[in-house]
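Structural overview for review
Below are the chains, spelled out letter by letter.
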Amino acid sequence: MAKFSAGERKRRTRQHVIADLSANHVERYILNEGHVLHRVSTDYGYDLVMMTFDESGYAEPGAVFLQLKASDSLVTSGQNFAYDLDIRDYNLWKIETQPVVLVLYDASVRRAYWLHVQEYFATASRRPRKGAKTVRVLVSRQQTVSRRAVARMRTLKNTFLFQLVEGAFDD
């Protein structure tokens, strides 16, 4: 194979490769469940947006926002994986009106794990300390991304939407 010596150029790193692999992994499950997704080209807290459809193929309102974090080896903490979440993501996600799902992708075993972040942070003990730059989240090893997980994410979205609409009509 010919080598080019055109000087310094941009380089595709291992992190770029596994980031794309994580998106592809999640995308396949979403598509197999009959839903669609959009990759977010500028990452400000979300990598994918999932739009869902009912059993008859009709579009449903609302969306699920997904943030993907890929690694060749996830950090373990007991029966969970640990991830130190940027406080800026936490601050955005805690006021989001649609469900936000954090996905940790382990490239070494080609498996992903998910966490519904609003539900996770609903308890006061999991909130970050004042002035913190990160907040640690624990993602269960049992919570793998699968077709059933995508169905659960759809249910979360529909529940969020129902609560939002119901609240709009309360006196």
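Quantities reported herein were computed from a predicted structural model and do not represent experimental measurements.

**Regarding the pairing of strand β8 (residues 134–140)**
On β8, burial follows the alternation: Val135, Val137 and Val139 on one face are buried, whereas Thr134, Arg136, Leu138 and Ser140 on the facing-out side are not. In this sheet, β8 lies alongside strand β5 (residues 80–86) in antiparallel orientation, the contact comprising seven bridges. Directly across from Phe81, in β8, lies its bridge partner Val139.

**Thoughts on the nonpolar core**
Core analysis: the largest hydrophobic core is formed by 22 residues, its most contacted members being Val26, Met50, Leu66, Val101, Val103, Trp114 and Met153. Of all the secondary-structure elements, those providing two or more residues to this core are α1 (14–32), β2 (48–51), β3 (64–71), β6 (100–106), β7 (111–116) and α4 (147–168). In this structure, Val26 is in contact with Leu48, Leu66, Leu68, Val103 and Val145, ignoring residues within four places of it in sequence. Counting 21 residues, the second largest nonpolar core, distinct from the first, contains Leu85, Ile87, Leu102 and Val117.

**Some remarks on the pattern of salt bridges**
A full pass over the atoms with the stated rule returns ten salt bridges. Here Arg14 and Asp72 are joined by a salt bridge, their closest N and O atoms 2.7 Å apart. Remark: Asp72 occurs in the loop between β3 and β4 (75–77) and Arg14 occurs in helix α1; sequence separation between them is 58 residues. The partner of Asp84 in a salt bridge is Arg136, with the nearest N and O atoms 2.8 Å apart. With Asp84 in strand β5 and Arg136 in strand β8, this pair connects stretches of sequence that are 52 residues apart.

**Section: the sheet that holds β2**
Reading across the sheet, the five strands line up as β1-β2-β3-β6-β7 and stay open at both edges, with mixed pairing between neighbours. The open sheet terminates on both sides in strands that have one partner only, identified here as β1 (36–39) and β7. Geometrically, the sheet is characterised by an average inter-axis angle of 25° between neighbouring strands, direction not taken into account. Across six bridges, the pairing between β6 and β7 is antiparallel. Bridging from a neighbouring strand, Val103 pairs with Trp114 of β7.

Parameters and conventions
- Residues numbered from 1 in each chain as written.
- Predicted model: local features only at pLDDT ≥ 70, side-chain atom pairs only at ≥ 80, totals over all residues.
- Heavy atoms only, no water.
- Buried < 20%, exposed > 50% of the residue type's maximum accessible area, 1.4 Å probe, protein only.
- Helix = DSSP H or I, 4+ residues; strand = E, 2+ residues; numbered from the N terminus.
- Pairing = 2+ DSSP bridges.
- Core = buried A, V, L, I, M, F, W, Y, C linked by side-chain atoms within 4.5 Å.
- Contact = heavy atoms within 4.5 Å.
- Salt bridge = Lys/Arg side-chain N within 4 Å of Asp/Glu carboxyl O.
- Axes fitted to C-alpha atoms, helices over the stretch in contact; angles between N-to-C directions.

Read these as layout, nothing more, since geometry by itself doesn't imply function.
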